[in-house]
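Report on the structure
What follows is the residue order along each chain.
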Amino acid sequence: MTLHHPHATPLLPDAQTVTFVQHWTDRLFSFRVTRPKSLRFRSGEFVMIGLLGDNGKPLLRAYSIASPAWDEELEFYSIKVPDGPLTSKLQHIKVGDQIILRPKPVGTLVHDALLPGRRIWFLATGTGLAPFASLMREPETYEKYDTVIMMHTCREVAELEYGRQLVESLKDDPLIGEMVEGKLLYYPTTTREPSAHMGRITDNITSGKVFADLNLPPMDPEEDRAMICGSLAFNHDVKAVLEKFGLREGANSEPLEYVVEKAFVGDGI
Ligand code: FAD
Ligand code: A2P
């Protein structure tokens, strides 16, 4: 998997070195890589990363940066698609290996794309958590909002673990530990295995269950902002739910009440 010997001069201008790898399930892992000194990004954005393909050409895919903009390294949270061109190989990376990282961050899940508000809802399924792993560690999130609600839904409990540990670690974080206190409301749910909270994000919002459980008022376009990241079907259905509350889709060029980004292209595996 190593593009070349880790201590040799990089063969590729965009090579970065893997510093940490953790496997969460047979379908999920996270890893950290060195950060190019010149790379500036806004928490929530994504970049193209990959490996050299068998044909010697870069095989690149879009990945949300899961670490916040202030971090010295870059973190990613990845699916393992058994026959996926990139992740069938990427899942085998080890510390010291190199990956390709094109340093051109882009994306809509950024604070600039929303009007000011009181509460912000982060709504994610599966690896759609990644941009929020960045934004939950971003001080601006807590400076801009009184309340931050992280709803993350997966089929099974084990798939929530990366997010659960990340949220758990925030209160001990020297930079944002105090900011997070009492502001971040974490609402993980499963749909195909019993857990403390269950059900789809769409159902838990539509039924009012999440508002009741967290002691929050129903969504109000004056006060609530939202960011969505999941499959195409999820994004589509959540948008419809938010629009019923009167929230409108914004963009970098026109900030409004919610923004959305695909967690991946395709129907899922
Ligand atoms: P591909 O040929 O790219 O995908 C094969 C099939 O696997 C897809 O058609 C789809 O059905 C399924 N699939 C792909 N990615 C996922 C996924 N993440 N979850 C569930 N099913 C999936 N992936 C990440 O793992 N982490 C990220 O942070 C991330 N951020 C992305 C941001 C954007 C804006 C976009 C468009 C995609 C993002 N992806 C992310 C998906 C990523 O680009 C690749 O699709 C993924 O790494 C699989 O690559 P592959 O070459 O192995 O398979
Ligand atoms: P469910 O188990 O009821 O399908 P997937 O693994 O298929 O991408 O789904 C990840 C999570 O997102 C699952 O918990 C799934 O619930 C949920 N989900 C999938 N599609 C939608 C949708 N259109 N609206 C809301 N939740 C969805």
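Under an unreviewed UniProt entry, the name given to the protein chain is ferredoxin--NADP(+) reductase, and the source organism is Rhodobacter ferrooxidans. You can read under Catalytic activity (unreviewed entry) in the UniProt record for the protein chain the words "2 reduced [2Fe-2S]-[ferredoxin] + NADP(+) + H(+) = 2 oxidized [2Fe-2S]-[ferredoxin] + NADPH".

1. Re the domain arrangement of the protein chain
Taken domain by domain, the protein chain holds domain 1 (15-105) and domain 2 (111-262). Listed by partner, the interface residues are 15 residues for domain 1 and 13 residues for domain 2. Those elements that place two or more of their residues in the side of domain 1 that touches domain 2 are strand S1 (15-25), strand S2 (28-34) and strand S5 (73-79). In terms of residues, the side of domain 1 that touches domain 2 owes the most to one element, S5, which gives three residues. Of the residues in the side of domain 1 that touches domain 2, the class split is eight nonpolar, seven polar and no charged.

2. Some remarks on helix H4 (residues 161-170)
Within the span of H4, buried status applies to Tyr162, Gly163, Leu166 and Val167. One face of H4 carries all of its buried residues, which in axial projection span an arc of 125°. The exposed residues of H4 that point more than 90 degrees off its buried face are Gln165, Glu168 and Ser169.

3. Remarks on the pairing of strand S3 (residues 46-52)
Regular strands have side chains that alternate between both faces of the sheet. For S3, the tally of buried residues reaches five of seven residues, placing the bulk of the element in the interior. The sheet contact formed by S3 and strand S4 (residues 58-64) spans seven bridges and is antiparallel. Across the sheet, the residue bridging to Val47 is Tyr63, located in S4. Taking the residues between adjacent antiparallel strands as the criterion, S3 and S4 are bridged by five residues, where Gly56 takes a positive phi near 85°. Relative to strand S6 (residues 98-106), S3 runs antiparallel, the two being bridged by four bridges. In the strand pairing of S6, Phe46 is matched with Val106.

4. Focus on the site of ligand 1
As a structural note, the neighbourhood of ligand 1 is formed by 26 residues, with Gly84, Leu86, Thr87, Phe264 and Gly266 the closest of them. Within the residue set of the shell around ligand 1, elements represented by two or more residues are S4, S5, helix H1 (87-90) and strand S11 (258-262). In terms of residues, the shell around ligand 1 owes the most to one element, S4, which gives four residues. A per-class count over the shell around ligand 1 returns 13 nonpolar, nine polar and four charged.

Calculation criteria
Residues numbered from 1 in each chain as written. Chains lettered and ligands numbered in written order. Predicted model: local features only at pLDDT ≥ 70, side-chain atom pairs only at ≥ 80, totals over all residues. UniProt positions renumbered as here; feature names shortened; annotations may be inferred. Domains from an automatic or database assignment. Contact = placed C-beta atoms within 7 Å. Helix = DSSP H or I, 4+ residues; strand = E, 2+ residues; numbered from the N terminus. Nonpolar A, V, L, I, M, F, W, Y, C, P; charged D, E, K, R; others polar. Buried ≥ 20, exposed ≤ 12 C-beta atoms within 10 Å, placed from the backbone. Arc of directions from axis to C-beta. Pairing = 2+ DSSP bridges. Near = placed C-beta within 6 Å.

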